[in-house]
Amino acid sequence: METPRWRRIEEHFDAALARPVDERAAFIAGIDDPEIGAEVASLLRASESAAGFLEVGEAQVLTLPPGERIGPWQVVRSLGTGGMGEVLEVERADGAFEQRAALKLVRIEAAHLLERFDAERRIQAQLEHPGIARLLDGGIAPDGRPYAVMEYVDGLAITDWCRKHGAGLRERIELFLQVCDAVAYAHGHLIVHRDIKPANVLVDAGGRARLLDFGIAKPLDAAVPARGNDPGTAMLLTPDYAAPEQLRGEAVGIATDIYALGVLLFELLTGSRPWSRRTGSLAELVTSVLDSPALLASEAALANADGRVSARSLRGDLDAIIAECLRREPARRYATVHELAKDLNRHLRGEAVLARGRARLYRFGRFVRRYRWPVAAVAALIAILVAGIMATAWQAQRAQREAARATATRDFLVGVFKASDPRIAQNKPRGGVTARELLDASIGRIDQQFATDPETQVELLGVATEIYRELGEEERYHELRARHLAIAREHYGEAHPVVIRALLNEASYANDRLFDRRRALELLASLDPRISQAGLDRTTLRALWWLQQGQAMFGDSSRKDEQLAAFRKAADMFAELAPSDPSRVTVLAEIGTVYSNHLEYAEARPYYEESIALAETVTDRNDAELATIYGNLGLLSFNLGDFEAADRAYARSDEIIRRTYGEQHPDHWVRASNRARAAHLGGDRERAEVLFAELLNNIPPDSTHHNAFEAWEWYAGCLAAEGRPLEALPFLERAEQFQQHSPAHDYALPRVRMTLGDAYERAGRTNEARQMLEAALEQRAAMLLPDHQALLAVRERLGRFLLSEGDAEGAEAQFREVVHRTNGRRLSHIALAHGGLARLAMVRADLAAAHASSSAAIGMYENVTGFRDVRMGPYLWLIHSEVLHRSGDGEGAYAWARRALEARRRYDHPSSVSIAEAEAALRRVTAEGSD
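Quick caveat, the model's predicted, so the values are computed rather than measured.

Got a minute to help me understand helix H36 (residues 828-843) in this structure?
Because each turn of an α-helix spans 3.6 residues, side chains separated by three or four positions end up pointing in the same direction. For H36, which comprises 16 residues, the first-to-last C-alpha distance of 23 Å matches the rise-based estimate of 22 Å (1.5 Å per residue) to within 8%. When you tally the buried positions in H36, you get 14 out of 16 residues, the bulk of the element.

In structure tokens, the structure reads:
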């Protein structure tokens, strides 16, 4: 469209807007050019209806007040008005069932649009998709106006939702892909929406994007030029999101919705629109859309300093994808919404995006068409060819270097494995040479063979270093790590990514293997400015830094928010820069672990599940980590009381480890013991015994590996809990001695001391029991917050011991402290503390207090979250039975005592004194009841 013509239209349009509404028609009639007058009239109609049906504009008088009935529906409030009608929130009023909905009612003055409103109802009735608001009902209001009742979506506009939740780049794209899926579904049913914009895409409480308002939608077979077909909808659109063909009154189709999706994606990622209005003039906007190129998304993001998505992350792929949607020519856009979605998914996976290649051809084609002189075209072609040749030459040189390095690496590896050639005589049979021995025999060749090729030397030393780390060869690892770092520093300098990555690996080692959080944090602090000075803040090295920063905070429960913030920064960066990087699996799992450590299991589960799904598909798959995440999911399921799900997850974890490392590997020991312990805690004692027996056969009795001691600790704890403390003590005493000298003693030592103290008391060795329980409490109190579950657990256990020893005051102090730290949580050890208070009250003959405490214990245990042992139930049931018995409720006392006895016979070893105690309690309430 010619610019001078649109300037005239704009001038007349602005003048018309400045006049009162009742004077505009006369003004338009006075315009000397009828065609321009018609355009101005269309723009005026558009400005009046652009707000759409669900955007609230200026206050308008409701035709139906709250409380009014429309069929089975009762009006609650107005949700907004638009060009065709008003939208009301309604609720079901006929008593059939409770339901909220959105009712759209044609305005009285819009009677000429009744046919189109009826068409909208027919269109909406065809669409059944989770991303599209459903049509629920329809009918005729008492005043003769038709209405449609839609599913009520309680949510925020997609842009507002992302802003409120601080959504990162990947989250925004994934949300947008939900919109694409809904639009593609509509297209599959031959429906074009024609008014896609943020106000018509709400995100509900579950984080699901929902497409609304098919008020100006059309069947594809009717999507013909508006002026020639449907004057009522000629300019019923939202100009900021309307495609050029809509603004020109031409045919609309799938490409029209793709254009609007491009504008929506642009706004979602940049916070602005491709054509920002310089004034309030609608005509100027239309002129810009038709005559001026759109901004690149990255340019818009650069101008928005407060934007959540960086300009750098939009350059390239996303710029090209959005530009493909915003082509002026419909035929140049994506052919389908599925093509758009595929390109976005390619970007998320780090694959080549088709729009990038098409964009280069498109730009060159437009250049040639605009400058048709042969010399200019040839010059442009030559420039492109020269640039291509230069790039090709550079890539060829790089490829040659990479090929030479690959050849050198291949030759080195061949030399490594030649050391096991059975045809060559050597002192040791060649088939008996281990992989470790092959590596030991070949490391020296790295310095000799690659002395003149430091890049290959550094690369091979780095790989060998990591192999020794995974083999647990600490001395060899440290030796090679120092050499690798020294050569890398000499060749690359301090700020090179290879050097920074090596130091990040050192921090990771200090954190994961040495449990030296302080050393890890010191290394990370020294690397922080170095990463920035090297210009690497927008790389995966910075993402790794954030990941390790979060990992180094484990063990300090007071830093939860700070730790989550670090992990989320890492997650956002990996999603943006390297969505298939295995470290992204790690960071998602770590977020789950933070939530799980704070007993927020519902929040933790989706992160574990997402990390598992990603871990199963990444190219550089880490099965050991995948097994760990399955193990964490098993623990989470156990803490939620879902023992079957816990067993499935633990079994999957152990299966991966056995296939990866074998049954003699320490990683199998700890996973198999977790599974067996979970079965025992869940009440399946016989199955747990079988699982433990299989496991113990694979652990050498003289092993000094910490996983062996943890497996023995779990086994012994189960023995003690089911009534076999004497068999448990040798394992627990060895574990306690080992943990005193273990790097992980800060959390493992108090844990094993509490279990050992429990076993000592069951075995009648009370002095040693007191010593261990008090030591466990002292250690945990020094390192944990007062309301931490592990601290409450040892307090309750010490309180129970003190009560049995006749120290009522000491026991009460511990029980009261535990109950005081409830904070709305339903933890098993808080339930046990209430049981302890009930016992104390019975000692003091305060039956009312005893009944209140025992009832609180029962109620909490039946709804417990977190760690539990089914044997806790019978302990509390016997307390409650005794309270009821002393209160005169013989029938109730008998029922609880019998339930406790049946459970103990299932859960405990036949020789356990716990069964005899339950039998004695049942006999007592039975005998005294018969008296």
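Now that the structure is up, let's keep going.
I would appreciate a short explanation of the sheet that holds strand S9 (residues 201-204) in the present structure.
As a general point, the strands of a sheet are linked pairwise by backbone hydrogen bonds and lie either parallel or antiparallel. Taken in spatial order, the 3 strands make up an open sheet running S7-S9-S10, and their pairing is antiparallel. Two strands in the sheet have a free side with no partner beyond their single neighbour: strand S7 (155-157) and strand S10 (209-211). Averaged over neighbouring strand pairs, the angle between their axes works out to 35 degrees when direction is ignored. The pairing of S9 with S10 spans 3 bridges and is classified as antiparallel. Note that in S10 the partner of Leu202 across the bridge is Arg210. The sheet strands contacting helix H5 (residues 158-165) are S7 and S9, and the helix crosses S7 at an angle near 105 degrees. The sheet strands contacting helix H6 (residues 169-188) are S9 and S10, and the helix crosses S10 at an angle near 30 degrees.

Just to check I follow, could you spell out helix H13 (residues 317-325) for this structure?
Buried residues dominate H13, accounting for 9 of its 9 residues. Restricting attention to buried positions, one finds in H13 the residues Asp317, Leu318, Asp319, Ala320, Ile321, Ile322, Ala323, Glu324 and Cys325.

I tried to follow the packing of aromatic side chains on my own but got confused; where do I start?
The geometry of an aromatic ring pair is captured by two quantities: the separation of the ring centres and the angle between the planes. Taken as a whole and judged by the stated rule, the model has 10 aromatic pairs. Between Phe692 and Tyr715, the aromatic rings sit 5.1 Å apart at their centres with planes inclined by 55 degrees, giving tilted as the arrangement. With Phe692 in helix H29 (residues 685-696) and Tyr715 in helix H30 (residues 706-721), the pair connects residues that are 23 residues apart, well separated along the chain. The same class applies to Phe692 as to Tyr715, namely buried. Taking the centre distance of 4.1 Å and the plane angle of 5 degrees together, the rings of Phe709 and Phe738 count as stacked. One end of the pair, Phe709, is in helix H30; the other, Phe738, is in helix H31 (residues 725-739), and 29 residues separate them in sequence. Put simply, the rings of Phe638, Phe643 and Phe867 touch in pairs and so form one group of aromatic residues. Directly above the ring of Trp545 sits Arg542, whose terminal nitrogen or CZ lies 4.8 Å from the centroid.

Quick question: what am I supposed to make of the packing of helix H35 (residues 808-820) against H36 here?
How two helices pack is summed up by the angle between their axes together with the distance between the axes. Between H35 and H36, the shortest axis-to-axis distance is 9 Å and the interhelical angle comes to 145 degrees. The two elements H35 and H36 cross, and the hand of that crossing is left-handed. Between H35 and H36, the contacting residues are Ala808, Ala811, Glu812, Phe815, Arg816, Val818 and Val819 on the first element and His829, Ile830, Ala833, His834, Gly836, Leu837 and Leu840 on the second. Residues of the contact of H35 with H36, tallied by class, amount to 9 nonpolar, 3 polar and 2 charged.

Explain the environment of Gln779 here, please?
Structurally, Gln779 is set in helix H33 (residues 766-783). Residues Gln779 and Leu749, 30 residues apart in the sequence, show an inter-C-alpha distance of 8.6 Å. Engagement of the side chain of Gln779 in a polar contact is seen with the side chain of Arg753, the distance being 3.0 Å.

Where do I start with the nonpolar core in this structure?
Soluble, globular proteins show a tendency: their nonpolar side chains are buried together. Judged by nonpolar contacts, the single largest core of 133 residues is most densely connected at Leu504 and Leu876. Per-element tally for this core: the top contributor is H30, with 10 residues. Excluding its chain neighbours within four sequence positions, the residues that come into contact with Leu876 are Ala831, Leu832, Gly835, Ala857, Ile858 and Tyr861. Grouped together as the second largest cluster of nonpolar side chains are 57 residues, Leu169, Leu177, Ala182 and Cys325 included.

How each quantity is defined
Residues numbered from 1 in each chain as written. Predicted model: local features only at pLDDT ≥ 70, side-chain atom pairs only at ≥ 80, totals over all residues. Heavy atoms only, no water. Helix = DSSP H or I, 4+ residues; strand = E, 2+ residues; numbered from the N terminus. Expected span 1.5 Å × (residues − 1). Buried < 20%, exposed > 50% of the residue type's maximum accessible area, 1.4 Å probe, protein only. Pairing = 2+ DSSP bridges. Axes fitted to C-alpha atoms, helices over the stretch in contact; angles between N-to-C directions. Contact = heavy atoms within 4.5 Å. Phe/Tyr/Trp six-rings, centres within 6.5 Å; stacked < 30°, edge-to-face > 60°. Lys NZ or Arg CZ within 6 Å of the ring centre and 35° of its normal. Left-handed = near helix turned anticlockwise from the far one by under 90°. Nonpolar A, V, L, I, M, F, W, Y, C, P; charged D, E, K, R; others polar. Polar contact = N/O pair within 3.5 Å; in protein donor to acceptor, adjacent residues only side chain to side chain. Core = buried A, V, L, I, M, F, W, Y, C linked by side-chain atoms within 4.5 Å.

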